[in-house]
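Examining the three-dimensional arrangement
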Amino acid sequence: MKMKKGLLMLGIAVAAFSSCTNEEVVDMPDNRAINFNGFVNNNTRAVTEITSSDGSLSKFYVFGQAGTSSSWTVTLFNNTEVSGGKVEDNSRWAPVNPAYWEVGKDHRFAAYSDGNVQNNNVSYSPADQKLTFSNYTPNNAKDLIVAIPAQIDGANVDETYNTKVDLSFYHMLSQVKFTFTTKVNDNYTVKISDIQVATATTSATGTYTIGTTGQVGTIDWTTSPTSGTINFDEIEDITTATNSTANLVIPQNNTNNIKVTFTADLYNSANEHIGTADFTASLSYEATSTASTEVGTDNTWTPGYRYNYTAEIPTDKWTDPDDPDKELMPIEFTVSAVDGWENANESTATVSVVEP
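Rules used throughout
- Residues numbered from 1 in each chain as written.
- Predicted model: local features only at pLDDT ≥ 70, side-chain atom pairs only at ≥ 80, totals over all residues.
- Heavy atoms only, no water.
- Salt bridge = Lys/Arg side-chain N within 4 Å of Asp/Glu carboxyl O.
- Helix = DSSP H or I, 4+ residues; strand = E, 2+ residues; numbered from the N terminus.
- Buried < 20%, exposed > 50% of the residue type's maximum accessible area, 1.4 Å probe, protein only.
- Polar contact = N/O pair within 3.5 Å; in protein donor to acceptor, adjacent residues only side chain to side chain.
- Contact = heavy atoms within 4.5 Å.
- pLDDT = per-residue confidence, 0-100.

Let's shift gears to the pattern of salt bridges. Counting across every chain of the model gives five salt bridges. Two residues, Lys-59 and Glu-81, come together in a salt bridge whose shortest N-O distance is 3.8 Å. Within this pair, whereas Lys-59 is found in strand β6 (residues 59-68), its partner Glu-81 is found in strand β7 (residues 71-83), the two being separated by 22 residues in sequence. Its relative accessible area of 31% is what places Lys-59 among the partly exposed residues. The partner of Lys-191 in a salt bridge is Glu-234, and the shortest N-O contact between them spans 3.5 Å. Of this pair, Lys-191 sits in strand β15 (residues 189-209) while Glu-234 sits in the loop between β16 (218-231) and β17 (244-249); the two residues are 43 residues apart in sequence, bridging distant segments of the chain.

Right, here's the structure in full:
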């Protein structure tokens, strides 16, 4: 069925082992085991997110190597699960399989959490201090966060060294949210469905390379990108409090070349389907900045940022669901007159004043 099309412009609000020698297990004291502190940086909200303060981070996975800048020969952790702590309280996050500090050797680590789940398509290069996620497709239940701390120099690692490895996590993905409003009165139901973002990058190989201390490193999603359509959950009624839908997405640029399409359907108070309309719009984005901070880049979804595109459904675009050539006519009013004031007939009345 051919539907009447309308163009709706959208805005954005921004924005595993024990040490062995000659088959003999060498026991190490517990206070020499490698443990971790955790901190989640640059929060987002809307889908299932991992943040600093709400206990949403329950597990992460760690890689670790010991050696020198030219030779990282000792494997300490290889995608090893770490759990048991809390964010920001200096508590102990313990690997499920402990490893131990190598005296006099440099140590490099990398960690991630893919929605508290292990990812088997991730690798770590200690020489480059880089994590690589191969052919990654976002999942709204999995907020992908990463951390690569500064190298721990061997000169500091003696027989008594037991400092926790301090991790600060950063988000690898972006988040796109659509918020719909309408002036249709609340006796009606307005349903939004078939929300699709077309010609977008839906999966890619992403890398995270260490940054300077306390700063996010380099996140890159330009390798092996796959283009396709991103489907968003429908909204049963935007006249209620629930009028938004969001997805985690691959960070990407040229969003002004990406289109969103969706359908709005109108139901009356008897739940009869009386109107429909299709819309399409470009997801262009103009970054804003102040004297103290810069927010994003034009037409770019940046890692760790939420992009809220808001749309008001017009009241004059509805067509009959059974006859797309028939427009739905809104009820309007005209005022022919306002009755004037009339003077009553004059009469004489005696008013008596009664003394108290």
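Even without being a glycine, Asn-79 presents a positive backbone phi close to 60 degrees. For Asn-79, the location among the structural elements is in strand β7. Not every positive phi belongs to a glycine, and Glu-88 is a case in point at roughly 70 degrees. Inspection of the secondary structure puts Glu-88 in the loop between β7 and β8 (94-95).

Right, let's talk about the side chain of Asn-247 for a bit. For Asn-247, the location among the structural elements is in strand β17. At a separation of 2.7 Å, a polar atom in the side chain of Asn-247 contacts the side chain of Asn-140. Polar contacts involving the side chain of Asn-247 include one to the main-chain carbonyl oxygen of Asn-231, which spans 3.0 Å. Once you skip the residues sitting within four places of it in the chain, Asn-247 turns out to touch Val-47, Asn-140, Ser-174, Gln-175, Val-176, Ile-230, Asn-231 and Phe-232.

Mean pLDDT over the protein chain: 86, with 85% of residues reaching 70 or higher. Considering only residues more than four positions removed or in separate chains, one finds that residues 1-30, a stretch of pLDDT under 50, has 66 contacts.

Now for the environment of Thr-189. Along the chain, Thr-189 turns up in strand β15. Counting along the chain gives 48 residues from Thr-189 to Asp-237, while the straight-line C-alpha distance between them is 5.5 Å. In contact with Thr-189, other than residues within four places in its own chain, are Glu-236, Asp-237, Asp-265, Leu-266 and Tyr-267.

In this section: the environment of Ile-192. Summarising the element assignment, Ile-192 is placed in strand β15. Judged by its relative accessible area of 0%, Ile-192 falls in the buried class. Each C-alpha atom of the pair Ile-192 and Asn-243 lies 8.9 Å from the other, and the pair is 51 residues apart in sequence. Those residues in contact with Ile-192 that sit more than four places away from it in its chain are Phe-180, Glu-234, Ile-235, Ile-238, Phe-262, Thr-263, Ala-264 and Ile-313.

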